[in-house]
Amino acid sequence: MLGRFVPLEGFHTTLEGNIKAHYDVLYIDRDVEQELLDEYLTEYDDWTTLAVYDGTVMEVVQVQNYCGKLVYNRAFAGTDRHAFPCGSRVEYILTAEGIERLVCDDNFMECPDV
């Protein structure tokens, strides 16, 4: 079961390396990854959603704290996997799954896993 959904309003960075469609990582700065863990996704199973955008295509990626490391679940929220070049924008995006989790968490309701 996923933990708490964490909105990251205003968060953005860029890819520091090319990613192929079959990769399960995002090449973002290690200091940025550590900031996500230290400041936002602080608890085991905390998660958020990021969009990777290269000016042509966009993919939503679920990012989760798994035992103190970031795990990337690509092609989230009905998007498809794509290859992205170094320098592609990575930013927080609020998805329907995130909204559902925020509503359920705020109202202490049982939420289905996303």
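You'll find the structure just up there.
Quantities reported herein were computed from a predicted structural model and do not represent experimental measurements.

A. Structural view of the overall build of the protein chain. Each helix and strand in the protein chain was counted, giving 2 helices and 5 strands. Relative to its length of 114 residues, the protein chain is compact, with a C-alpha radius of gyration of 14 Å against a globular reference of 13 Å. Dimensions of the protein chain, computed from the C-alpha atoms along their principal axes, are close to 40 × 30 × 25 Å. Of all 114 residues assigned to the protein chain, the portion counted as buried reaches 39%.

B. Local environment of the packing of aromatic side chains. By the definition in use, this model includes 4 aromatic pairs. Taking the centre distance of 5.7 Å and the plane angle of 45° together, the rings of Tyr-44 and Tyr-66 count as tilted. On the criterion of sequence distance, the pair formed by Tyr-44 in the loop between helix 1 (30–40) and strand 2 (47–53) and Tyr-66 in strand 3 (residues 58–66) is long-range, its members being 22 residues apart. By relative accessible area, Tyr-44 is classed as partly exposed at 46%. Take Tyr-66: its relative accessible area is 44%, and that puts it in the partly exposed class. An aromatic cluster is present here, built from Phe-5, Trp-47 and Phe-76 joined pairwise through their rings.

C. Up close: the environment of Arg-101. When you line up the elements, Arg-101 lands in helix 2 (residues 96–106). Assessed through its relative accessible area of 3%, Arg-101 is described here as buried. Through-space distance from the C-alpha of Arg-101 to that of Ile-19 is 29 Å; in sequence the pair is 82 residues apart.

D. Seen up close, the nonpolar core. Residues Leu-15, Leu-26 and Ile-28 are the most contacted members of the largest nonpolar core, which totals 25 residues. Listing elements by their share of this core, those giving two or more residues are helix 1, strand 2, strand 3, strand 4 (69–76) and strand 5 (89–92). With residues up to four places along the chain from it excluded, the contact list for Leu-26 reads Leu-15, Ile-19, Glu-33, Val-52, Val-61 and Tyr-72.

Parameters at a glance
- Residue indices begin from 1 for each chain and proceed along its sequence in written order.
- Thresholds applied to this predicted model are a pLDDT of at least 70 for local features of residues and 80 or more for the giving and counting of side-chain atom pairs; totals over whole chains, interfaces and linings are not thresholded and use all residues.
- As a convention, hydrogens and water are excluded, and side-chain values are obtained from all of the structure's heavy atoms.
- Counting from the N terminus, the helices are DSSP H or I runs at least four residues long and the strands are E runs at least two residues long.
- In this setup the radius of gyration rests on C-alpha atoms only. A globule is expected at 2.2 Å times the number of residues raised to 0.38.
- Burial classes follow relative accessibility: with a 1.4 Å probe on protein chains only, a residue under 20% of its type's maximum area counts as buried, one over 50% as exposed, and anything between as partly exposed.
- Two aromatic rings, drawn from Phe, Tyr or Trp (for Trp, its six-membered ring), form a pair once their centres lie within 6.5 Å of each other, and the interplanar angle then sorts them: stacked below 30 degrees, edge-to-face above 60, tilted otherwise.
- Take the buried residues of types Ala, Val, Leu, Ile, Met, Phe, Trp, Tyr and Cys, join any two whose side-chain atoms come within 4.5 Å, and each joined set is a nonpolar core.
- In what follows, a contact means two residues having at least one pair of non-hydrogen atoms within 4.5 Å.

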